[in-house]
Amino acid sequence: MKFTLSWLKSHLETDATLDEILDALTDLGLEVEGVEDPVARLGDFTIGRVISAEKHPDADRLNVCQVETDEGMRQIICGAPNARAGITVVVARPGTYVPGIDTTIGVGRIRGIESFGMMCSEREMELSNEHEGIIELPSGEVGQRFADWLAEHAPEKIDPVIEIAITPNRPDALGVHGIARDLAARGLGRLIAQEVVPVPAAFTSPLGVGIDEDTRDGCPLFCGRLIRGVRNGPSPQWLQDRLRAIGLRPISFLVDVTNFYTYDQNRPLHVFDADKVKGNLRVHRARGGERLLALDGREYAFLPGQIVISDDEGPESIAGIMGGEATSCTDKTVNVFVESAYWDPIQTAHAGRALKVSSDARYRFERGVDPAFTSVGLEMAVRMIVEHAGGEASEMVVAGAVPDTDRAYRLDPQRVESLVGMAIPEAAQRATLEALGFRFDGDMAHVPSWRPDVTGEADLVEEVARIASLTKLEGTPLPRARPGVPEPVLTPMQRREGAARRTIAALGYNECVTYSFIDEGAAALFGGGTAATRLENPISSEMSHMRPSPLPGLLQAAARNQARGFADLALFEVGPAFHGGEPGEQAQVAVGLLVGGTGPRDVHGVRRPVDPFDAKADIEAVLAAAGAPARVQIRRDVPGWFHPGRSGAICLGPKNVLGVFGELHPRVLEALDVRGPAVAFSIDLAAVPFPKAKGTGRGALELADLQAVERDFAFVLDAGVQSLDVVNAAAGADKALIEEVRVFDEFHGPKAEAQMGPGRKSLAITVRLQPRDKTLTDEQIEAVSATIIEKVARATGGVLRS
């Protein structure tokens, strides 16, 4: 939306400066996108006087002029036909940028004679298209700034042009009068009242208007007046200047009037050449297939149901969007029919999009114009036409009625102060709304017809806050619920999630945020894809189910990266996994994925493919950060998407599974198009027990001051016995005394079977005993050793190797 400062001041009586107006507009929600200030562009031009002008010795059309400037006498060569002694001119000194020719003036030599500047025409200064000669000023002092002279004698030529962004909910600001109303409510001046004096009717219009019954929802009101005997031609200079300033080309007076009121009052109008209209006008819905050559020179074919204005011979206008070429006004137009109607915003928008046609009228009607101003805007336009183009007007032709937009909402002053956060007296709140056009009946505020965006009490609060200015809000700290140190804001689970996220990132993983929706096939690979997690209205077929784990999303991200040449990946996500569709049937998990190698290739050969032990080390680090106990069990029963022989589940007892790690199943990698090796881990953060102590302090560090004792045991076992069973059995011999059990050797294969028998192997473990209160005696060590041998034999059938 563009307008000039003088245009605004025709609606707003104000002493505010341009900067104050610009700041207020942005603060009111009408954001200023740009300002074209000619004063800044013309600031370096000064006034000079030509003392003498002689013909150039080597050029017939050039004059060598001696010009008096603020820097003294300067020689300037000029080719303008009106360059002569005694005239007052506008001078561009060397170093001055001339916008009309996009050139910075310098000292030049023309046909052997130096020139120290330039005398300018209006086009060279972008004041008009006049370029037949240089500017001749009727007055002015030598050295005076040309911008100052214009401000005194021709202020319209340096009128600043303001451009603001209009949000879709503020159609009232698509007219200069609506913008002035906001500024007046802010206190930047007084809104100038608009006096509408209808032109007396001289006759009854022979041209009638009708609206079909099935079209009244799209056009509830149509008004018009016929004017006979107009003289169409160029518009007055002030009207042309305003239209040019905002980027519109003056066409003819009748057309310019409609454009003027479109921007001045947000009231689109249309003028028909009445002599070209055959019969009466009819507003109806198209049957489909009708065609119209519009004013933009394009032919449009109407779809069934679109609203058109037709005469007896066919369509003459696209309702609310654009008129037709057949009934357009020309310099020979004598009789005109001025139309002012109200068109439904939704239907106008649908028609405009379907026909792919844009216009200022469509832009305004589809956002919503003031229905109550329909006839008023018509009277203002008819008055201007009659005063400038002559003629006599008919009685107003009216079809339909003004739609009822009356609605009222209660103003609660205390609620306003509570929501806004500022102390605004009730009288100030009511005065603000009244200045914006609201009408009060008790505490009920009736919304003006030009504000379709106000639809509830919250909008009243917004209007009061907008005019009061939220920049006046003062920050105040929230009151504490109780004295002392406040309680933590984050829950224990939120703190655990943060610790897990930081730990995984510190291990070198990159965090991902993937969709919680995946396709049925990917969900089925990870135990999901059931009807319980199916979405009723999915975004697409690839997002039909809630994810059973973030791992499918990470694998899909890995596949996309591999397709683009990134082979080595470390990705993680902390988020929900869903095992049902009811509230509570989800878990917060931390998932990590390693793909490819441990690092780039180098001369030392340290690069290797990732393996399950990489995932094991990382999951143990994350569990430690989450507060899991150090002593855990590792079992082999893992979900089907992990490799059955290269993965494990970390547990606290047989039922509490803290997490799973290991190599992913080749079937899963093939289905998701991921090139291995790929290992992963998944932690159920809620399964990790929370500490029983609620305090924030840490316990004392416990360090043993007694010598630890290590004993080695080698057991002969069946080849199918897992080393984990041996470790767990040995660790259970004395949980208080045994600190660690680890495997350090395994002897299997043909040589082992030759010594120990078919299907047998030897497994060696180290058991570390850490006393706490006194040094262990040989008898105590032997007793623990015997218990270890007994536990392993009972759990695995193994015997001590001799």
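The rules behind each value
- Residues numbered from 1 in each chain as written.
- Predicted model: local features only at pLDDT ≥ 70, side-chain atom pairs only at ≥ 80, totals over all residues.
- Heavy atoms only, no water.
- Helix = DSSP H or I, 4+ residues; strand = E, 2+ residues; numbered from the N terminus.
- Buried < 20%, exposed > 50% of the residue type's maximum accessible area, 1.4 Å probe, protein only.
- Contact = heavy atoms within 4.5 Å.
- Areas by Shrake-Rupley, 256 points an atom, 1.4 Å probe, with all protein chains shown as cover.
- Lys, Arg positive; Asp, Glu negative; His and termini not counted.
- Charge placed at Lys NZ, Arg CZ, Asp CG, Glu CD.
- Pairing = 2+ DSSP bridges.
- Expected span 1.5 Å × (residues − 1).
- Axes fitted to C-alpha atoms, helices over the stretch in contact; angles between N-to-C directions.
- Salt bridge = Lys/Arg side-chain N within 4 Å of Asp/Glu carboxyl O.
- Phe/Tyr/Trp six-rings, centres within 6.5 Å; stacked < 30°, edge-to-face > 60°.
- Lys NZ or Arg CZ within 6 Å of the ring centre and 35° of its normal.
- Core = buried A, V, L, I, M, F, W, Y, C linked by side-chain atoms within 4.5 Å.
- Disulfide = S-S within 2.5 Å.
- pLDDT = per-residue confidence, 0-100.
- Parallel < 35°, antiparallel > 145°, perpendicular 65-115°, else oblique.
- Nonpolar A, V, L, I, M, F, W, Y, C, P; charged D, E, K, R; others polar.

(A) Highlighting the overall build of the chain. Tallying secondary structure elements over the chain gives 21 helices and 42 strands in all. Overall, the chain is about 125 × 80 × 60 Å in size when its C-alpha atoms are taken along their principal axes. Residues counted as buried form 47% of the 802 residues belonging to the chain. Here the contacts in the chain between residues at least 6 apart in sequence split such that 69% fall between residues at least 24 apart. When the accessible area of the chain is evaluated, it comes to approximately 40300 Å², of which 51% is carbon and sulfur surface. Treating the 84 positive side-chain charges of the chain as one cloud and the 113 negative ones as another, the clouds have centres 6 Å apart.

(B) Looking closely at the sheet that holds strand S4 (residues 46-56). With respect to topology, 5 strands assemble into an open sheet ordered S6-S5-S4-S7-S12, the strand pairing being antiparallel. The open sheet terminates on both sides in strands that have one partner only, identified here as strand S6 (72-78) and strand S12 (118-119). In the sheet, S4 pairs with strand S5 (residues 59-69) via 7 bridges, with the strands oriented antiparallel. Among the inter-strand pairings, Val50 is bridged to a residue of S5, identified as Val67.

(C) Fine view of helix H13 (residues 457-468). Compared with the 16 Å implied by 1.5 Å per residue over 12 residues, the 17 Å span of H13 between its first and last C-alpha is a close match. Burial in H13 covers these residues: Asp459, Leu460, Val461, Glu463, Val464, Ala465, Arg466 and Ile467. Buried residues belonging to H13 abut helix H2 (18-27), helix H5 (176-186), strand S27 (408-410), helix H11 (413-420), helix H12 (426-435) and strand S29 (444-446). One or two steps after H13, the chain reaches Ser469, where phi turns positive at roughly 80°.

(D) Representation of the sheet that holds strand S28 (residues 439-441) in the model. Spatially, S27-S29-S28 is the arrangement adopted by the 3 strands of the open sheet, whose pairing is antiparallel. Two strands in the sheet have a free side with no partner beyond their single neighbour: S27 and S28. On average, each strand axis in the sheet is tilted by 30° relative to the strand beside it, whichever way the strands run. Across 3 bridges, the pairing between S27 and S29 is antiparallel. Looking at S29, one finds that Tyr409 is bridged to Ala445.

(E) Examining the pattern of salt bridges more closely. Overall, the coordinates contain 46 salt bridges when judged by the stated rule. For Arg742, the salt bridge is made with Glu710, and the minimal N-O distance between the two is 3.9 Å. Separated by 32 residues along the polypeptide, Arg742 in strand S40 (residues 738-747) and Glu710 in strand S39 (residues 709-718) bring together distant segments of the chain. For Arg742, a relative accessible area of 35% corresponds to the partly exposed category. Connected via shared salt-bridge partners are Arg170, Asp172, Asp182, Arg451, Asp453, Glu463 and Arg466.

(F) Quick look at the packing of aromatic side chains. For the structure shown, the criterion picks out 8 aromatic pairs. Clustering of aromatic rings is evident, with ring pairs tying together Trp7, Trp238, Phe260 and Tyr261. In this arrangement the basic side chain of Arg364 is found over the ring face of Tyr263, its NZ or CZ atom lying 4.5 Å from the centre. For the cation-ring pair, Arg496 lies above Phe690, with the distance from its terminal atom to the ring centre recorded as 3.9 Å.

(G) Local environment of the nonpolar core. Leu25, Ile164, Ile179, Leu183, Phe222 and Trp343 are the most contacted members of the largest nonpolar core, which has 98 residues in total. Looking at which element gives the most residues to this core, the answer is helix H10 (residues 374-389), with 8 residues. Every residue in contact with Ile164, bar those within four places of it in the chain, is listed here: Met1, Phe3, Leu25, Leu30, Glu31, Val32, Glu33 and Ile179.

(H) Spatial organisation of helix H14 (residues 492-506). For H14, which comprises 15 residues, the first-to-last C-alpha distance of 21 Å matches the rise-based estimate of 21 Å (1.5 Å per residue) to within 8%. Within H14 the residues assigned to the buried category are Arg496, Glu497, Gly498, Ala499, Ala500, Thr503 and Ile504. Elements in contact with the buried residues of H14: strand S33 (569-578), strand S34 (586-595), helix H17 (612-626) and strand S38 (678-684). Looking at the residues trailing H14, positive phi occurs at Gly508, about 105°.

(I) Region of interest: the state of the cysteines. By the definition in use, this model includes 0 disulfides. In this structure Cys223 is not part of a disulfide, and its nearest cysteine sulfur, from Cys219, lies 9.2 Å away. Residue Cys223 is classed as buried on the basis of its relative accessible area, which comes to 2%. Cys329 takes part in no disulfide bond, and the closest cysteine sulfur to it belongs to Cys223, at a distance of 19 Å. Owing to a relative accessible area of 15%, Cys329 belongs among the buried residues under this scheme.

(J) Fine view of the pairing of strand S18 (residues 281-285). In this sheet, S18 lies alongside strand S15 (residues 209-211) in parallel orientation, the contact comprising 3 bridges. Note that in S18 the partner of Gly210 across the bridge is Arg282. Sheet topology note: the S18/strand S21 (residues 307-311) ladder contains 4 bridges and is antiparallel. The residue of S21 that forms the bridge with His284 is Val308.

(K) Region of interest: the environment of Lys2. Secondary-structure assignment places Lys2 in strand S1 (residues 2-4). Since its relative accessible area comes to 23%, Lys2 is described here as partly exposed. Expressed as a C-alpha distance, the spacing of Lys2 and Glu163, which sit 161 residues apart in the sequence, is 4.4 Å. With residues near it in sequence (within four places) discarded, Lys2 still touches Glu36, Val161, Ile162, Glu163, Ile246 and Tyr263.

(L) Molecular detail of unusual backbone geometry. Here the amide bond leading from Gly676 into Pro677 is cis, since omega sits at 5°, within 30 degrees of zero. Locating Pro677 in the fold gives a position in the loop between helix H18 (666-671) and S38. The backbone phi angle of Arg111 is positive, close to 55°, even though this residue is not glycine. Overall, the relative accessible area of 52% leaves Arg111 in the exposed class. Backbone geometry at Lys356 places phi at a positive 55°, although glycine is not the residue there. Relative to the helices and strands, Lys356 is located in the loop between helix H8 (345-355) and helix H9 (360-365).

(M) Highlighting the pairing of S33. For S33, a buried count of 10 out of 10 residues is recorded, marking the element as mostly surrounded by other parts of the structure. Pairing of strand S30 (residues 510-511) with S33, which is carried by 2 bridges, proceeds in the parallel orientation. Paired with Asn510 across the bridge in S33 is Leu571. Pairing of S33 with S34 involves 10 bridges; the strand directions are antiparallel. Each bridged residue has a counterpart across the sheet, and for Ala570 the counterpart in S34 is Leu594.

(N) A look at the environment of Arg772. As for its placement among the helices and strands, Arg772 is situated in the loop between strand S41 (760-769) and helix H21 (778-796). It is 76 Å that separates the C-alpha atoms of Arg772 and Pro168, two residues lying 604 residues apart in sequence. Residues contacting Arg772, with those up to four places away along its chain left out, are Ala704, Leu706 and Glu739.

(O) Looking closely at the confidence of the model for the chain. Averaged over every residue, the pLDDT of the chain is 92; residues scoring 70 or more account for 99%. Mean pLDDT across the elements of the chain ranges from a minimum in helix H3 (residues 38-41), with 81, to a maximum in strand S24 (residues 336-342), with 97.

(P) Region of the structure containing the packing of H12 against H13. Look at H12 against H13: their axes get within 10 Å of each other, and the N-to-C directions meet at 95°. If you check the angle between H12 and H13, you find them roughly perpendicular. Contact residues: H12 offers Gln429, Thr432 and Leu433, while H13 offers Leu460, Glu463, Val464 and Ile467. Classifying every residue of the contact of H12 with H13 gives 4 nonpolar, 2 polar and 1 charged.

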